[in-house]
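Read off the chains here:
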Amino acid sequence: MIALHSVAARRTMSNDCTVKIKYGVVRGQKKVSSAFSKKEYYSFLGIPYGKAPLRELRFKDPQPAEPWQGIKDCLEDPPICPQKHVLSGSFVGDEDCLKVNVFTPKLPNESSLLKAVMVFIHGGAFTFGSGNTDFYGPDYLIEHDIVLVNVNYRVGALGFLTFENQDIPGNAGLKDQTLALRWVQENISAFGGDPKKVTLFGESAGGASAHYHMISPLSRGLYQNVILQSGSVLNPWALSTTGKERSFALAELLGYKTDDPLEAAKFLRKVSAEELIKIQNRVLSMKEKATVSFPFVPVVEVPQTGVNFLTKHPKLALEEGDFAHVPVILGLTSREGILVLNDILHTPEYLKVLNKHFDTIISPNMDLPEANYEDIIKTIQDFYLGGKELNWENIVPYLDFVSDVLFSIGIDQSLRYYLEKTNLPVYLYEMTFEGSRSGIKLLLNMKYPGHQIPGASHADDLAYLFKANIPELEQFVKPIPEDEIVTSWFTKMWTEFAKSGNPNMPGLGTKWEPCTKDKICYLEINEKLQMRQNRVFEDRMKFWDSILSFPIKQKL
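Predicted model, so just to flag it, every value in this text is computed and none were measured.

1. Details of the overall build of the protein chain
Turning to step 1, where the next piece is worked out: A tally of regular secondary structure across the protein chain gives 16 helices and 16 strands.
Turning to step 2, where the next piece is worked out: For the protein chain, the C-alpha radius of gyration of 23 Å lies close to 24 Å, the compact-globule estimate for 556 residues.
Turning to step 3, where the next piece is worked out: Across the 556 residues in the protein chain, those meeting the buried criterion constitute 60%.
Turning to step 4, where the next piece is worked out: Within the protein chain, residue pairs in contact and separated by at least 24 positions form 76% of the contacts whose partners lie at least 6 positions apart.
Turning to step 5, where the next piece is worked out: Of the roughly 22100 Å² of accessible surface on the protein chain, a fraction of 52% belongs to carbon and sulfur atoms.
Turning to step 6, where the next piece is worked out: Separation between the mean location of the 60 positive side-chain charges and that of the 66 negative ones in the protein chain comes to 4 Å.

2. Quick look at the packing of aromatic side chains
Turning to step 1, where the next piece is worked out: Scanning the model with the defined rule gives 32 aromatic pairs in all.
Turning to step 2, where the next piece is worked out: With centroids separated by 5.4 Å and ring planes inclined at 70°, the aromatic side chains of F126 and F160 adopt a geometry described as edge-to-face. Highlighted residues: F126 in the loop between strand 9 (115–121) and strand 10 (147–151) and F160 in helix 1 (residues 156–160), separated in sequence by 34 residues. The pair F126 / F160 is uniform in exposure class, with both members buried.
Turning to step 3, where the next piece is worked out: On the basis of an interplanar angle of 85° and a centroid distance of 5.0 Å, the ring pair of F383 and Y384 is categorised as edge-to-face.
Turning to step 4, where the next piece is worked out: F383 sits in the partly exposed class, given a relative accessible area of 35%.
Turning to step 5, where the next piece is worked out: Through a chain of ring-to-ring contacts, the aromatic side chains of F358, F383, Y384, Y398, F401, F543 and W544 assemble into a single cluster.

3. A closer look at the pairing of strand 10
Turning to step 1, where the next piece is worked out: For strand 10, a buried count of five out of five residues is recorded, marking the element as mostly surrounded by other parts of the structure.
Turning to step 2, where the next piece is worked out: The side-chain alternation of strand 10 yields two buried faces, one formed by V147, V149 and V151 and the other by L148 and N150.
Turning to step 3, where the next piece is worked out: Pairing of strand 8 (residues 99–104) with strand 10, which is carried by four bridges, proceeds in the antiparallel orientation. The partner of V100 across the bridge, within strand 10, is V151.
Turning to step 4, where the next piece is worked out: Two strands pair when backbone bridges link them, and strand 9 and strand 10 are joined in this way by five bridges, in the parallel orientation. Residue pairing in the sheet places M118 in a bridge with L148 of strand 10.

4. Thoughts on the layout of surface pockets
Rolled over the atoms, a probe sized like a water molecule indicates the empty space that remains.
Turning to step 1, where the next piece is worked out: Considered as a void within the structure, the second largest pocket measures approximately 370 Å³ in volume.
Turning to step 2, where the next piece is worked out: Lining of the second largest pocket is provided by 22 residues; of these, L234, K315, N365, M366 and D367 occupy positions nearest its centre.
Turning to step 3, where the next piece is worked out: Looking at the lining of the second largest pocket, the elements that each hand over two or more residues are helix 8 (314–320) and helix 12 (395–421).
Turning to step 4, where the next piece is worked out: A breakdown of the residues in the lining of the second largest pocket according to their chemical character gives 12 nonpolar, seven polar and three charged.
Turning to step 5, where the next piece is worked out: Split by domain, the residues of the lining of the second largest pocket number at least three in each of domain 1 (25–320) and domain 2 (328–547).

5. What to know about the nonpolar core
Turning to step 1, where the next piece is worked out: Counting 139 residues, the largest nonpolar core has F44, W183, F191, I380, F401 and W544 as the members making the most contacts within it.
Turning to step 2, where the next piece is worked out: With 14 residues, helix 12 is the largest single contributor of residues to this core.
Turning to step 3, where the next piece is worked out: Structurally, this core is a two-domain feature, drawing no fewer than three residues from each of domain 1 (25–320) and domain 2 (328–547).
Turning to step 4, where the next piece is worked out: Once residues within four sequence positions are removed from consideration, W183 is found in contact with I21, Y23, I47, P48, Y49, V100, V102, I188 and F191.

6. Overview of the domain arrangement of the protein chain
Turning to step 1, where the next piece is worked out: Assigned domains within the protein chain: domain 1 (25–320) and domain 2 (328–547).
Turning to step 2, where the next piece is worked out: Taken over C-alpha atoms, the centre of domain 1 sits 24 Å from the centre of domain 2.
Turning to step 3, where the next piece is worked out: The interface is formed by 48 residues belonging to domain 1 together with 51 residues belonging to domain 2.
Turning to step 4, where the next piece is worked out: Counting each side, the surface lost to burial between domain 1 and domain 2 is near 4300 Å², with a carbon and sulfur contribution of 62%.
Turning to step 5, where the next piece is worked out: Viewed at the interface, domain 2 and domain 1 are joined by one salt bridge.
Turning to step 6, where the next piece is worked out: Close ionic contact of K315 with D367 constitutes a salt bridge, the shortest N to O distance being 3.7 Å.
Turning to step 7, where the next piece is worked out: Linking domain 1 with domain 2 are 26 residue pairs in polar contact (both at pLDDT 80 or more), by the criterion used here.
Turning to step 8, where the next piece is worked out: Elements with a minimum of two residues in the side of domain 1 that touches domain 2: strand 9, strand 10, strand 11 (193–203), helix 3 (205–215), strand 12 (225–229), helix 7 (286–290) and helix 8.
Turning to step 9, where the next piece is worked out: The leading source of residues in the side of domain 1 that touches domain 2 is strand 12, at five residues.
Turning to step 10, where the next piece is worked out: A per-class count over the side of domain 1 that touches domain 2 returns 23 nonpolar, 16 polar and nine charged.

7. Some words on the pattern of salt bridges
Turning to step 1, where the next piece is worked out: For the coordinates displayed, the defined rule picks out 30 salt bridges.
Turning to step 2, where the next piece is worked out: Between E95 and R58 there is a salt bridge, with its nearest N and O atoms 2.8 Å apart. Here E95 is found in the loop between strand 7 (91–92) and strand 8, whereas its partner R58 is found in the loop between strand 4 (40–48) and strand 5 (71–73), with 37 residues between them in sequence.
Turning to step 3, where the next piece is worked out: Judged by relative accessible area, E95 falls into the buried class, the value being 14%.
Turning to step 4, where the next piece is worked out: Linking K115 and D145 is a salt bridge whose minimum nitrogen-to-oxygen distance equals 3.1 Å. In this pair, K115 sits in strand 9 while D145 sits in the loop between strand 9 and strand 10, placing the two residues 30 residues apart along the sequence.
Turning to step 5, where the next piece is worked out: Linked by salt bridges that have partners in common, R220, K312, E320 and D322 make up one network.

Calculation criteria
- Residues numbered from 1 in each chain as written.
- Predicted model: local features only at pLDDT ≥ 70, side-chain atom pairs only at ≥ 80, totals over all residues.
- Heavy atoms only, no water.
- Helix = DSSP H or I, 4+ residues; strand = E, 2+ residues; numbered from the N terminus.
- Rg over C-alpha atoms; globule rule 2.2 N^0.38 Å.
- Buried < 20%, exposed > 50% of the residue type's maximum accessible area, 1.4 Å probe, protein only.
- Contact = heavy atoms within 4.5 Å.
- Areas by Shrake-Rupley, 256 points an atom, 1.4 Å probe, with all protein chains shown as cover.
- Lys, Arg positive; Asp, Glu negative; His and termini not counted.
- Charge placed at Lys NZ, Arg CZ, Asp CG, Glu CD.
- Phe/Tyr/Trp six-rings, centres within 6.5 Å; stacked < 30°, edge-to-face > 60°.
- Pairing = 2+ DSSP bridges.
- 1 Å grid on protein atoms, 1.4 Å probe; cavity = no way out; pocket = protein on both sides within 12 Å on 5 of 7 lines; lining within 4 Å.
- Points joined across faces, edges and corners; volume = space filled by probe spheres on them.
- Nonpolar A, V, L, I, M, F, W, Y, C, P; charged D, E, K, R; others polar.
- Domains from an automatic or database assignment.
- Core = buried A, V, L, I, M, F, W, Y, C linked by side-chain atoms within 4.5 Å.
- Buried area = accessible area lost by both parts, 1.4 Å probe.
- Salt bridge = Lys/Arg side-chain N within 4 Å of Asp/Glu carboxyl O.
- Polar contact = N/O pair within 3.5 Å; in protein donor to acceptor, adjacent residues only side chain to side chain.

If you want it as structure tokens, here you go:
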């Protein structure tokens with residue numbers, strides 16, 4: 001497709017450059033990738049896509065950015081949305097945070113061919129994170145001639161508070177993402193991107209978000225392909241059924257008890273963002289915290305309460321085939337559950353507690369049968385631990401249990417719903433590579449000296465798609481040659497999928513076969529790529545098929 005923006009971009013004498021978009025002119029910078037080829041690219045950091053959600057706009061659906069006069073500098077990472085910092089735990093952020101970071105290998109002219117666009121939604125349990133370059137530098141992906149857009153959106157109470165009414169229907173953070181996708185449609189051609197060739201991808205809560213966009217009518221037509229990494233709407237942490245109750249509880253924790261949603265909202269709009277963020281986790285019970293729940297996450301909205309993002313339960317939408325039928329990549333890492341060792345200190349005393357209460361991590365969202373519940377839990381515990389006591393000697397099968405409860409089951413079920421309802425290609429993968437860039441394992445080495453946990457952890461895949469810029473961790477990284485090989489696999493397949501809807505290309509050494517209704521297969525991503533002709537964690541998934549009531553009975 002040919003760029004329609006005549007002389008939309010202008011280069012200056014220095015490394016600075018300017019681009020005219022719908023809302024005004026933005027100034028970016030020419031930079032050089034620190035990856036393999038030292039490719040030049042253009043960076044625009046912190047472009048507003050939404051009006052600052054301050055005062056009366058707090059908790060509300062986002063509004064488009066307002067036009068500006070003059071040139072807006074987009075040279076530094078923008079402030080992230082208010083949250084506790086993922087490493088330090090201190091409060092950080094600014095409510096004026098509805099910004100995108102745009103990276104392009106070439107600014108367009110009148111004869112330019114527009115490039116495929118990849119829009120990334122960061123993870124962070126709907127509670128923290130950003131799309132900024134400290135964790136998500138563009139260096140690896142930009143080498144493959146695509147335009148990259150990283151989205152910052154509201155998280156925690158500021159993004160997911162709900163009173164189930166016209167004032168605050170809920171899911172503001174997801175609506176932020178939809179507004180960013182609309183911004184891409186209106187403006188990305190000015191950066192050389194093709195608005196008709198957009199791939200939406202995300203990891204963890206970002207993967208679940210991308211899955212929600214497949215379900216939401218608000219987002220239909222704003223993308224052509226989707227990649228779901230370690231996240232699904234069916235993961236138990238991705239949906240709350242008590243959002244309204246938690247919102248009232250938040251007001252009460254801050255000193256204002258009422259059953260009037262308008263009065264509660266009026267009070268909460270006067271509280272500082274820092275106070276909201278610091279106390280929001282206390283709306284969870286001890287049981288909810290143990291199940292790896294998060295205080296404010298997506299909800300099913302009450303119909304006709306404004307412009308709704310989601311009014312149908314995600315599982316029902318999938319059962320009915322009420323989702324965008326587009327090509328999909330989805331998958332996970334080989335041991336996602338390693339994540340919990342960082343979130344909760346697993347002392348010998350805590351492991352003894354888990355022995356007696358093995359269902360601690362099981363959320364009500366999993367819908368385990370109520371009849372014979374204790375017998376079912378005993379069956380699950382015996383399946384994973386083989387009748388042995390849980391201790392550090394057999395922590396690995398317990399982490400597989402955690403992996404399945406938090407991630408694998410939901411992703412497996414999502415795949416099967418998709419295969420039942422569409423004939424479009426869906427590509428399944430498992431990352432088994434254990435390289436040097438695992439941020440979680442670096443932290444675990446400090447928390448549990450002497451204990452080496454095998455497997456690829458939750459979020460390990462991100463380090464092979466994005467260049468992290470975290471000096472606190474970089475000093476502990478000891479690169480190995482295989483890191484670059486796996487980075488090449490991930491970035492080539494992901495960008496080829498963005499360009500064509502098919503991740504296959506010359507040089508992979510194998511063909512990534514899509515799944516079908518009658519045959520599930522997946523690509524194992526390691527230093528060598530290999531096709532596996534079965535489900536990911538097949539024995540474990542068959543076990544859960546026998547436990548859970550799943551409506552689709554495919555020949556697997």
